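# Examination of the molecular architecture
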Amino acid sequence: MHLQDILYTQGFGTRRVCAGLVQQGFVTVNGQPVTDAGQDIAVTEGMPFTVQGTAWEYHEKAYVLLHKPAGTECSQKPSTWPSIYTLLPSPLRLRPNKGAVQGVQAIGRLDQDTTGLLLLTDDGQFIHRMGSPKHHVPKVYEVTVKHPLDEAQVQKLLDGVVLDDDPKPVRAAACEAVGPLHLRLTLTEGKYHQVKRMVAAVGNRVEALHRSRIGGLALPEAMAPGQWRWLTAEEVDALRTARPKG
């Protein structure tokens, strides 16, 4: 693949802009400077290169994990709070995508005050796979509640509660009181404000909400709010085949 085309697919601008970056000596591949924009490169997944001194990796499709901080919206056009997309480097936001919005897209949404694990990608099939209710990918939430928990509340969440938009009971796939005010809740579907509404339905109130896990993927403890990283190929494969336990 021509080097200018590699840069283009990775979101570094139009082909003309990418050619200019190469010709001006701003690009190195595998540690070596390259100034011929038309040079053929034997591209491999994860191949390291730099653009204007910034290290990058080649990925045919981008799969990204973000620790979403509070006070951010999962929207390209936020209404009140800053967008999560401002936390990502420009190439991830500008990757070309045929017939769709440029760049990576969040898989599902977290409310502006909810923190934790958020996945983003430019792979439409992966977005559909992860977001489809029929696949039941489990998501784990750490919930801080206002009033002390009791066994009855936990059991009601396991048995199922009725929300105001659907007469069919909604059940937690797993639920445990980790502390007096700390509930760990696992869901396999994603209704609007589901955790908050379920907790309200059993007579309590969510004070803080954090998503700690999707499938077998846990948010790394060392990752600070606002930080992101690439998913490994093994992590992506594991998410593709994620199923609820039991």
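Residues numbered from 1 in each chain as written. Predicted model: local features only at pLDDT ≥ 70, side-chain atom pairs only at ≥ 80, totals over all residues. Heavy atoms only, no water.

## Description of the packing of aromatic side chains
Defined as follows: Working definition: a ring pair exists when centres of Phe, Tyr or Trp rings (six-membered ring for Trp) sit within 6.5 Å. Plane angles under 30 degrees give stacked, over 60 give edge-to-face, the rest tilted. Only DSSP runs of H or I reaching four residues or more are called helices, and only runs of E reaching two or more are called strands; each is numbered from the N terminus. For every residue, the accessible area obtained with a 1.4 Å probe (protein chains only) is divided by the maximum for its type, and the residue is called buried under 20%, exposed over 50%, and partly exposed between those limits.
Under the counting rule described, the total for this entry stands at six aromatic pairs. Both rings, one in F12 and one in F49, keep their centres 5.9 Å apart while their planes meet at 65 degrees; by these two values the pair is edge-to-face. Here F12, found in the loop between α1 (3–9) and α2 (15–23), pairs with F49, found in strand β3 (residues 48–51); they are 37 residues apart in sequence, far enough to count as distant. Like F49, F12 is buried. Between the aromatic rings of W228 and W230, the centroid separation amounts to 5.4 Å while the plane-to-plane angle is 80 degrees, which identifies the pairing as edge-to-face. Since its relative accessible area comes to 24%, W228 is described here as partly exposed. By relative accessible area, W230 is classed as buried at 15%. One aromatic cluster is present, built from ring pairs that chain together F12, F49, W56, W228 and W230.

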